[in-house]
Amino acid sequence: MKKVVCILCIFCGFYSAFALDRQAFTFTDYDLKIKVTPATQSLEAEGKVTLRNDTTQPQRNPVLQISSTLAWNFITIAGKPAQYLPQTYTSDIDHSGGLSEAVIALPQPVPPQGTIEIELSYSGKIQQDNTRLTRVGVPEEKAARSDWDQISESFTGVRGIGHVVWYPIATEAASLSEGTQVFEGVMAWKERQSGSRMRLSFCWPGDAQLVANGQNVAAAMQPDGLSCQAVQYQPVGMVVPAFVLGSYRALNQPPMAVQYVAGHESYARTWAAAGEKIAPFIVQWFGPRKRPVQVVELPDRDMYPYEGGGVFFTPLVRGEEKDIQVVLAHQLAHASFQSPRLWMDEGLAHFAQALVRGQQDGRAAALAYMDERLPPLQEAEKQFQPTRRRSGAPPTGQSLVNASDEVFFRTKAMFVWWMLRDMVGDDALEHALRAYRPDQDKDAAYFQRLLAAQFHRDLEWFFDDWVYRDRGLPEFHIAAVYPRKLIPEDWSVTVAVENSGSAGAEVPVAVRAAQGEERKRLEVRAHEKNAVRIPIPVVPQQAVVNDGSVPAFDMGHSSAEIKTPDASH
Ligand SMILES: [Zn+2]
């Protein structure tokens, strides 16, 4: 008891005067030895981190956080034990829902842009943990499929920030019950440390293989029976360091490099063949590959896949080759095309999946693939729909250029790329994508200009409604249909379409008959009406707006029966 009181006395002087700024320091350099022992489910780390004061004020309280299931053994500065306050900090940045935090009290403050090197050691167990997910109501089974990280004899796989804080970080608390707070916290951390260097020296007992999503720099077998592998991230970039450990085998079949669990060679071959088959199609769209596609097997078929650092961690479950091709289209697109903008980087990778689905079985199959992903987007956009908003209230929402919600930068972006493709054609879009240079993408309109160079039509309204602002989704209905009989066999049908939504679109309009259909495209701006005349050589029966390529509200009100006048008039 006396000791506790004493510690508090020491610290009240250091901490009481000001609020703690957990983001004052950037972690510029990591050099850690990490011992992983599956038999005891444990991780032991020792090494040093370098922190830089990125504020304009001198700082004396650097914060170090690790998973709440790990504990600090020592923290020293220049060989001397540092004074620090260990505490538990509730945050869903870690699968356990908490962090072991060390708030250090420096004898001398670090000046702005000054750095400090901290030696440290921590250890503990990393077991599969559903805490953060089940406490926000995710069912146990689903939580385990998502938060699969663990060190154990049956499976060892651990991802970093956003999953398990197995290397020290410093972040503000984030809660899964607060929308995208965890995602945003992780993104902010990644951006802040993107220029940092991380050198990790993994060691483990036995002869298993360690596969990490960094660059392997050296491997060695130690005399004490430990296998070791040094991995480097230089810079870390936007990568979340992650590793798996197991009896992995490698299959290199360009453009694929598959690491599979011993005994699963036939699955690995199926994946490699699927990737090889669609690779030329993806290159044609997104340009030459900048790296191979690395696939690392997760041994349990129920585990949710994870991508990061150019590595795709996934179960190699038995599946239709077509489905595997659609999955790999995403990874191949990433290998060819990179952008600092999520709606491009991720949106295009999802668009690539729809493209491959279309190449397999035609446009209808691609639209069905996209349609399966539409309901969460409709749900997310509902709150921005003017008819559901208080009159006069300004529109809110997430513009694609700034979106941090996955439903926007993945699903909505996928639809936007598909609509652009329909509007400008494959050639113009492919040329614009291949002309894209991530280092030149300095302002939001950069890509629109690349496209304008290929396609000489006004696209400003489209980018405004869909990319630069969130205007919700269109809401189409057929306002009127006028069929007219021409020479003996031919008909002309004028279809008027009204868009009561706040986002305009160019939408396909079809006139159907028993023998087939004719279609045209029609631009219908927000809150406007427009009409198109569609000739058809047989008796028309039905007019339909939107084949599913434009994400809209109320897809059910999009057709009208055509009452043809008596043929004798
Ligand atoms: Zn992706």
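Residues numbered from 1 in each chain as written. Predicted model: local features only at pLDDT ≥ 70, side-chain atom pairs only at ≥ 80, totals over all residues. Heavy atoms only, no water.

Attention now goes to the overall build of the chain. Broken down by element type, the chain carries 13 helices and 27 strands. The dimensions of the chain, computed from C-alpha atoms along their principal axes, are 105 × 60 × 45 Å. When the 569 residues of the chain are sorted by exposure, 52% land in the buried category. Across the chain, contacts joining residues at least 24 apart in sequence account for 68% of those joining residues at least 6 apart. (Helix = DSSP H or I, 4+ residues; strand = E, 2+ residues; numbered from the N terminus. Buried < 20%, exposed > 50% of the residue type's maximum accessible area, 1.4 Å probe, protein only. Contact = heavy atoms within 4.5 Å.)

Now for the pattern of salt bridges. Summed over all chains, the structure comprises 34 salt bridges. With a closest N to O distance of 2.9 Å, Arg-363 and Asp-547 form a salt bridge. With a gap of 184 residues between them, Arg-363 in helix H8 (residues 363–371) and Asp-547 in the loop between strand E26 (542–545) and strand E27 (559–561) connect regions that are remote in the sequence. Taking the relative accessible area as the measure of exposure, Asp-547 reaches 23% and is therefore partly exposed. Bridged by salt links that share partners, the residues Arg-363, Asp-422, Arg-457, Glu-506, Arg-512, Glu-517, Arg-519, Arg-521, Glu-523, Arg-525 and Asp-547 form one connected network. (Salt bridge = Lys/Arg side-chain N within 4 Å of Asp/Glu carboxyl O.)

Quick look at the coordination of the zinc ion now. Protein coordination of the zinc ion is provided by Glu-307 (OE), Glu-307 (OE), His-330 (NE2), His-334 (NE2), Glu-346 (OE) and Glu-346 (OE), with donor distances spanning 1.8 to 2.7 Å. For the zinc ion, the 6 donor atoms are set out with angles of 53 to 158° between them, so the coordination reads as irregular. Site description for the zinc ion: donor spacing in sequence, E-x22-H-x3-H-x11-E. Placement of Glu-307 in strand E19 (residues 306–308) and of Glu-346 in helix H7 (residues 342–361) is noted, with a sequence separation of 39 residues between them. Taking the relative accessible area as the measure of exposure, Glu-307 reaches 23% and is therefore partly exposed. Relative accessible area serves as the criterion here: at 7%, Glu-346 is assigned to the buried category. (Donors = N, O, S within 2.8 Å, 3.2 Å for Na, K, Ca; no water. Tetrahedral: all angles 85-135°; square planar, octahedral: opposite > 155°, others 65-115°.)

The next thing to look at is the state of the cysteines. All chains considered together, the criterion is met by 1 disulfide. Each sulfur of the disulfide joining Cys-203 and Cys-228 lies 2.1 Å from the other. Since a negative S-S torsion denotes a left-handed disulfide, the Cys-203-Cys-228 link at about 110° is right-handed. With Cys-203 in strand E11 (residues 197–205) and Cys-228 in strand E14 (residues 226–233), this pair connects stretches of sequence that are 25 residues apart. On the basis of relative accessibility, which here comes to 10%, the residue Cys-228 falls in the buried class. (Disulfide = S-S within 2.5 Å.)

A word on the sheet that holds strand E4 (residues 70–77). Pairing in this open sheet of 8 strands is mixed, and the strands run E5-E4-E8-E2-E1-E11-E14-E13 from one edge to the other. With one partner strand each, in any of the chains shown, strand E5 (80–81) and strand E13 (215–221) form the two edges of the open sheet. Sheet topology places strand E1 (residues 25–37) next to E11; 7 bridges connect them, and they run parallel. Each bridged residue has a counterpart across the sheet, and for Asp-29 the counterpart in E11 is Arg-197. (Pairing = 2+ DSSP bridges.)

Residues of H8 that are buried include every one of Ala-365, Ala-366, Leu-367, Tyr-369 and Met-370, and no others. Next to the buried residues of H8 lie helix H6 (321–336), H7, helix H9 (374–382) and helix H10 (406–424).

By the secondary structure assignment, Lys-190 is in helix H4 (residues 181–192). Buried charge Lys-190 goes without a salt bridge, the closest partner of opposite sign being Glu-346 at 8.4 Å. Once you skip the residues sitting within four places of it in the chain, Lys-190 turns out to touch Gly-237, Met-238 and Val-240. (Lys, Arg positive; Asp, Glu negative; His and termini not counted.)

Before going further, it helps to spend a moment on the nonpolar core. If you look at the biggest cluster of nonpolar residues, it comprises 100 residues, and the most contacted ones within it are Phe-286, Trp-343, Trp-417, Phe-447, Phe-463 and Trp-466. It is H10 that contributes the most residues to this core, 13 residues altogether. Apart from the residues within four sequence positions on either side, Trp-466 is in contact with Leu-400, Lys-412, Val-416, Met-419, Leu-473, Pro-474, Ala-503, Gly-504, Ala-505, Val-550 and Pro-551. (Core = buried A, V, L, I, M, F, W, Y, C linked by side-chain atoms within 4.5 Å.)

Our next topic: the confidence of the model for the chain. The predicted coordinates of low-pLDDT regions are not to be read in fine detail. When pLDDT is averaged along the chain, the result is 91, and 93% of the positions lie at 70 or above. Ignoring residues within four places in sequence, the model shows residues 1–13, a span with pLDDT below 50, making 6 contacts including any to other chains. (pLDDT = per-residue confidence, 0-100.)

Turning our eyes to something else, we now look at the environment of Leu-32. Mapped onto the fold, Leu-32 is located in strand E1. Leu-32 sits 170 residues away from Phe-202 along the chain, and the two C-alpha atoms are 8.4 Å apart. With residues near it in sequence (within four places) discarded, Leu-32 still touches Glu-46, Gly-47, Lys-48, Leu-120, Tyr-122, Tyr-167, Pro-168, Arg-199, Leu-200 and Ser-201.

In this structure the tally under the stated criterion is 22 aromatic pairs. Aromatic side chains Trp-148 and Phe-155 sit 5.9 Å apart centroid to centroid with 65° between the ring planes, which places their arrangement in the edge-to-face category. According to the relative accessible area criterion, Trp-148 is buried, its value standing at 2%. The rings of Phe-27, Tyr-30, Trp-166, Tyr-167, Trp-189, Phe-202 and Phe-243 are connected pair by pair, giving a single aromatic cluster. Sitting above the plane of the Trp-148 ring, Arg-159 keeps its charged end 3.7 Å from the centroid. When the ring centre of Tyr-369 is taken as origin, the NZ or CZ atom of Arg-373, which lies over that ring, is 3.8 Å away. (Phe/Tyr/Trp six-rings, centres within 6.5 Å; stacked < 30°, edge-to-face > 60°. Lys NZ or Arg CZ within 6 Å of the ring centre and 35° of its normal.)

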